[in-house]
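Examining the three-dimensional arrangement
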Amino acid sequence: MPTFLSAASRDELVRILHQINPGEAPAYGATLQDWLRLAGCAPGLGCLRVLIGILKRINPPVADLYGPMLESWASRPANCYALAAILKMVNPPLAPSYGPLLDDWARRNAPRHEGEVT
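Summarised in this report is the structure supplied together with it. (Residues numbered from 1 in each chain as written. Predicted model: local features only at pLDDT ≥ 70, side-chain atom pairs only at ≥ 80, totals over all residues. Heavy atoms only, no water.)

The next thing to look at is the environment of tryptophan 73. Counting through the fold element by element, tryptophan 73 comes out in helix H4 (residues 63-74). Overall, tryptophan 73 belongs to the buried group, its relative accessible area being 1%. Here the alpha-carbon distance between tryptophan 73 and isoleucine 52, two residues 21 residues apart in the chain, equals 9.3 Å. (Helix = DSSP H or I, 4+ residues; strand = E, 2+ residues; numbered from the N terminus. Buried < 20%, exposed > 50% of the residue type's maximum accessible area, 1.4 Å probe, protein only.)

Next up on the list: the side chain of serine 9. With respect to the secondary-structure elements, serine 9 resides in helix H1 (residues 7-20). Accessibility expressed as a relative area gives 2% for serine 9, which makes it buried. Of the polar contacts made by the side chain of serine 9, one reaches the side chain of tryptophan 105; its length is 3.0 Å. (Polar contact = N/O pair within 3.5 Å; in protein donor to acceptor, adjacent residues only side chain to side chain.)

Further remarks concern the packing of helix H5 (residues 80-90) against helix H6 (residues 95-109). Between H5 and H6, the shortest axis-to-axis distance is 9 Å and the interhelical angle comes to 170°. In terms of their interaxial angle, H5 and H6 are classed as roughly antiparallel. Residues Cys80, Tyr81, Leu83, Ala84, Leu87 and Lys88 of H5 pack against Ala95, Tyr98, Gly99, Leu102, Asp103, Trp105, Ala106, Arg107 and Asn109 of H6. Its residues assigned to classes, the contact of H5 with H6 shows 10 nonpolar, two polar and three charged. (Axes fitted to C-alpha atoms, helices over the stretch in contact; angles between N-to-C directions. Parallel < 35°, antiparallel > 145°, perpendicular 65-115°, else oblique. Contact = heavy atoms within 4.5 Å. Nonpolar A, V, L, I, M, F, W, Y, C, P; charged D, E, K, R; others polar.)

On to the nonpolar core. Core analysis: the largest hydrophobic core is formed by 32 residues, its most contacted members being Leu17, Trp35 and Leu87. When residues of this core are traced back to their parent elements, those giving at least two are H1, helix H2 (25-41), helix H3 (45-58), H4, H5 and H6. It is H3 that provides the largest number of residues to this core, a total of seven residues. For leucine 87, the residues in contact, after removing those within four places along its chain, are Leu13, Leu17, Ile20, Leu55, Tyr98 and Leu102. (Core = buried A, V, L, I, M, F, W, Y, C linked by side-chain atoms within 4.5 Å.)

This next bit is on H5. Within H5 the residues assigned to the buried category are Cys80, Leu83, Ala84, Ile86, Leu87 and Val90. Projection of H5 onto a plane perpendicular to its axis shows the buried side chains occupying an angular sector of 165°, all on one side. (Arc of directions from axis to C-beta.)

To continue, consider the packing of H1 against H5. In contact at an axis separation of 10 Å, H1 and H5 are set at 25° when each is read in the N-to-C sense. As far as their axial angle goes, H5 and H1 are roughly parallel. Note that H1 runs across H5; the crossing there is right-handed. Contacts between H1 and H5 pair Leu13, Leu17 and Ile20 from the former with Leu83, Leu87 and Val90 from the latter. Considered class by class, the residues forming the contact of H1 with H5 number six nonpolar, no polar and no charged. (Left-handed = near helix turned anticlockwise from the far one by under 90°.)

So this is what it looks like as structure tokens:
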């Protein structure tokens, strides 16, 4: 089973998700905390499926637009760049504020190939 993210990376992702739709954060915040615990003890594709459910709750009116992308993303090991692109679609008006955070997060958490220099 593929691993997902380090604990620090998951915590950072949760902070970014709270910025994406602050008005709705209380509604899905507890679920995100549950996801953090799940991702810590059982990382992998099952964890990604739970995250998808959370992301669809963040902006239900546009879930149909990015839903197929999320389904595709969850069917294989986590791709941080794909996730960052999807999250930018979740709330486009606020993307300029949290987009750079996502870009930085994706750069630091993307899988590295042998011989890559950081």
